[in-house]
Amino acid sequence: MPDISARGQDFYNRVKEFIQTQIEPIEDEFWQRCHKLNPGVDWQSWQWPEQYHTLRKQAKAAGLWNMFLPDDILGAGLSVTEYAPIAELTGRSLIAPNIFNCNAPDSGNMELLWRYGNEAQKRRFLMPLLEGETRSVFCMTEPAVASSDATNMQATAIIDGDDIVLNGRKWWSSGLGDPDVDFVIFMAHTPDDSKDRHHQHSMVLVPLDTAGVKIERMLQVFGDYDAPHGHGEVVFDNVRVPVSNIIGGPGMGFEIAQGRLGPGRIHHCMRCIGAAEKSLELAIHRGMSRTSFGKPILQLGGNMERIAEARVSIDQARLLTLYAAQKMDEKGVKAALTEISAIKVVAPTVLQEVVDMAMQIHGGMGVSQDTMLPRFYAQARSLRLADGPDEVHKTMIAKLELKKLGYGRPKAKP
């Protein structure tokens, strides 16, 4: 734990107790119920079990709500560093982030609107999210281009009088299957020859029931629809919304995205660390409760060394992430670019490796629906692509290292 305020410690303690007493005892039953309610591709009928709504009401009544938001009135008023250990706690569970209204993509969208939205946008879109009445989606990735370079974006947002007209196809729009989704944030190209390439994209607020918005399908992650959250493919066909729905103004999309992704990456990485801790615990319990060749499994085949390596890796990832959070709090996102990219590479990779080890110790059970491990693995492997693949972040780190020593960006060979 970092050195945080008494208020931050109080939130941490209360979240820990809530997870241990209210969420963990029912989580297995919760997901069994969830699978029965949402058996297949019919995403339009997806729904959350009643326990989900009950737990959210309890968490909200306890004041364990919107804790990611550094606002004393609308959130908990915690710094990124103070919230980071809380995010780790929620990462131990597959539903806890949702229960506390601190789940992606909503947390990032809420912080985006809180920082950059105008008063009308906050009333219409932000406040219902903060109250837990609605859900939201961020539409950026496209199937027809390499989305690791966002300037490849083919979707367009063209101003036409008092409207902005949207066209394009997006996919991996996470959360699109949730029955409470009310709107999406659509990022697209707004051509303007007077501006550089990083000021030619806009973020637009689009109610989901707007004419021309068509959800075509939900995508499976390793064969799982991740219901009722879902990751959708959606088409925008001459969708018209008021120009006033542009966040921050035309061409501000990239600048806003950087402000959105900084704290969000801390949250993602700390949740990964929480999931890795849970996976390590499951591995130890399994390894000590099963015997083979007259010994506990944990004492066979180098498993003790694997447990030790997992402990070292998790602690290293945690310290690096907390360092990034502290630097972000003290000096801002731009000063912490190296650390933010580093943790985005490290934390999901550590989770993937620890989960893989835990699966091996569990045997066949480790790849079945009877443990959390397959969903943790899907989370880790997906995050190595989401918000920029590993290769993009490693390139960013290398460029910043070269810059420190006075070298510019390496030029491509003619």
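This structure is a prediction, so every number in the text was calculated from the model and none was measured.

Definitions and cut-offs
Residues numbered from 1 in each chain as written. Predicted model: local features only at pLDDT ≥ 70, side-chain atom pairs only at ≥ 80, totals over all residues. Heavy atoms only, no water. Helix = DSSP H or I, 4+ residues; strand = E, 2+ residues; numbered from the N terminus. Rg over C-alpha atoms; globule rule 2.2 N^0.38 Å. Contact = heavy atoms within 4.5 Å. Areas by Shrake-Rupley, 256 points an atom, 1.4 Å probe, with all protein chains shown as cover. Lys, Arg positive; Asp, Glu negative; His and termini not counted. Charge placed at Lys NZ, Arg CZ, Asp CG, Glu CD. Expected span 1.5 Å × (residues − 1). Buried < 20%, exposed > 50% of the residue type's maximum accessible area, 1.4 Å probe, protein only. UniProt positions renumbered as here; feature names shortened; annotations may be inferred. 1 Å grid on protein atoms, 1.4 Å probe; cavity = no way out; pocket = protein on both sides within 12 Å on 5 of 7 lines; lining within 4 Å. Points joined across faces, edges and corners; volume = space filled by probe spheres on them. Nonpolar A, V, L, I, M, F, W, Y, C, P; charged D, E, K, R; others polar. Axes fitted to C-alpha atoms, helices over the stretch in contact; angles between N-to-C directions. Parallel < 35°, antiparallel > 145°, perpendicular 65-115°, else oblique. Left-handed = near helix turned anticlockwise from the far one by under 90°. Salt bridge = Lys/Arg side-chain N within 4 Å of Asp/Glu carboxyl O. Polar contact = N/O pair within 3.5 Å; in protein donor to acceptor, adjacent residues only side chain to side chain. Arc of directions from axis to C-beta. Domains from an automatic or database assignment. Buried area = accessible area lost by both parts, 1.4 Å probe. Pairing = 2+ DSSP bridges.

Undergrad: Quick question: what am I supposed to make of the overall build of the chain here?
TA: Looking only at helices and strands, one finds 12 helices and nine strands in the chain. Taking 2.2 N^0.38 as the reference for a compact globule, 414 residues should give roughly 22 Å; the C-alpha atoms of the chain span a radius of gyration of 22 Å, in line with that estimate. Dimensions of the chain, computed from the C-alpha atoms along their principal axes, are close to 75 × 55 × 45 Å. Counted over contacts in the chain with a minimum sequence separation of 6, partners at least 24 positions apart contribute 74%. Accessible surface, the chain: about 19,200 Å² in total, of which carbon and sulfur atoms supply 52%. Averaging the coordinates of the 45 positive side-chain charges in the chain and doing the same for the 51 negative ones gives two points 4 Å apart.

Undergrad: Would you explain helix H10 (residues 337–362) in this entry?
TA: Turn by turn, an α-helix covers 3.6 residues, leaving residues three or four places apart pointing in a common direction. Given a rise of 1.5 Å per residue, 26 residues ought to cover 38 Å, and the 38 Å separating the end C-alpha atoms of H10 matches this to within 8%. H10 sits mainly inside the fold: 20 of its 26 residues count as buried. Positive phi appears at Gly-363, one or two residues downstream of H10, with a value of about 70 degrees.

Undergrad: Looking at this structure, I do not really get the UniProt feature "domain: Acyl-CoA oxidase/dehydrogenase middle" (unreviewed entry) in the chain. What am I missing?
TA: UniProt feature "domain: Acyl-CoA oxidase/dehydrogenase middle" (unreviewed entry): in the numbering of this structure it lies at residues 138–239. Secondary structure within residues 138–239 divides into 0% helix and 49% strand; the distance between the first and last C-alpha atoms comes to 16 Å.

Undergrad: I would appreciate a short explanation of empty space enclosed by the protein in the present structure.
TA: If you roll a probe as big as a water molecule over the atoms, it shows you where there is empty space left. Under the defined criterion, the tally for this structure stands at one cavity of 30 Å³ or more. Approximately 40 Å³ is the volume found for the largest cavity. Looking at the lining of the largest cavity residue by residue, the classes come out as four nonpolar, two polar and two charged.

Undergrad: Looking at this structure, how should I read the packing of helix H6 (residues 106–116) against helix H8 (residues 253–289)?
TA: For any two helices packed against each other, the geometry is given by the interaxial angle and the distance between the axes. Across the interface, H6 lies against H8 with an axial gap of 9 Å and an inter-helix angle of 135 degrees. Taken together, the axes of H6 and H8 are oblique relative to one another. Seen from above, H6 lies across H8 with right-handed handedness. For the pair H6 and H8, contact is made by Gly-108, Asn-109, Glu-111, Leu-112 and Tyr-116 and by Glu-255, Ile-256, Gly-259, Arg-260, Pro-263 and His-267, respectively. Residue composition of the contact of H6 with H8, grouped by class: four nonpolar, four polar and three charged.

Undergrad: Just to check I follow, could you spell out the pattern of salt bridges for this structure?
TA: Note on pairing: side chains with opposite charge can pair once their charged atoms come close. As enumerated under the stated definition, the model contains 26 salt bridges in all. In this structure, Arg-14 engages Asp-10 in a salt bridge whose closest nitrogen and oxygen atoms are separated by 3.1 Å. With a gap of four residues between them, Arg-14 and Asp-10 both fall in helix H1 (residues 6–23), about one helical turn apart. Judged by relative accessible area, which is 27%, Arg-14 ranks as partly exposed. As a salt-bridge pair, Arg-217 and Glu-233 come within 2.7 Å of each other at their nearest N and O atoms. Taken together, the positions of Arg-217 in strand S6 (residues 213–218) and Glu-233 in strand S7 (residues 231–242) put the pair 16 residues apart, joining distant regions of the chain. Beyond isolated ion pairs, a larger network of salt bridges with shared partners links Glu-88, Glu-277, Arg-311, Asp-315 and Arg-318.

Undergrad: I'm lost on the side chain of Glu-277 in this one. Help?
TA: Among the structural elements, Glu-277 can be located in helix H8. Under the relative-accessibility criterion, Glu-277 is labelled buried at 11%. There is a polar contact of 2.9 Å between the side chain of Glu-277 and the side chain of Arg-311. With residues up to four places along the chain from it excluded, the contact list for Glu-277 reads Glu-88, Arg-92, Arg-311, Ile-314, Asp-315 and Arg-318.

Undergrad: Please explain H1 as it appears in this structure.
TA: Helix length check: H1, at 18 residues, gives a terminal C-alpha distance of 25 Å against a target of 26 Å (1.5 Å per residue), a fit within 8%. Here H1 has its buried residues at Gly-8, Phe-11, Tyr-12, Val-15, Phe-18, Ile-19 and Ile-23. Taken around the axis of H1, the buried residues stretch over an arc of 135 degrees, which confines them to a single face. Packed against the buried residues of H1 are helix H2 (27–37), helix H3 (50–61), helix H4 (80–91) and helix H5 (96–99).

Undergrad: Please explain the domain arrangement of the chain as it appears in this structure.
TA: Accessible area lost upon the coming together of the parts is a frequently used measure of interface size. When the domains of the chain are assigned, the result is domain 1 (6–103), domain 2 (135–249) and domain 3 (254–405). Summarising the inter-unit geometry, the C-alpha centres of domain 2 and domain 3 are found 29 Å apart. In this complex, domain 2 contributes 16 residues to the contact, which on the side of domain 3 involves 12 residues. The contact between domain 2 and domain 3 buries some 1,000 Å² in all, and 72% of this surface belongs to carbon and sulfur atoms. Our count for the contact surface shared by domain 2 and domain 3 stands at two salt bridges. Of the charged contacts in the structure, one is a salt bridge between Arg-375 and Asp-224, with a shortest N-O distance of 3.5 Å. Scanning the region where domain 2 abuts domain 3 turns up one residue pair in polar contact (both at pLDDT 80 or more).

Undergrad: Whenever I open this one, the packing of H8 against helix H11 (residues 373–383) confuses me. Can you help?
TA: At a closest axis distance of 11 Å, the pairing of H8 and H11 adopts a crossing angle of 145 degrees. Here H8 runs over H11; the crossing is left-handed. Residues His-268, Arg-271, Cys-272, Ala-275, Lys-278, Ser-279 and Leu-282 of H8 pack against Leu-373, Phe-376, Gln-379 and Leu-383 of H11. Looking at the contact of H8 with H11 residue by residue, the classes come out as six nonpolar, three polar and two charged.

Undergrad: How should the pairing of strand S3 (residues 163–174) be read in this particular structure?
TA: Side-chain positions along a regular strand alternate between the two faces of the sheet. Pairing geometry for strand S2 (residues 156–160) and S3, over five bridges, is antiparallel. The residue of S3 that forms the bridge with Ala-157 is Leu-166. Count of turn residues in the S2/S3 antiparallel hairpin: two residues, of which Gly-161 carries a positive phi of about 65 degrees. One ladder, built from nine bridges, connects S3 with S7; its direction is antiparallel. Directly across from Leu-166, in S7, lies its bridge partner Val-239.

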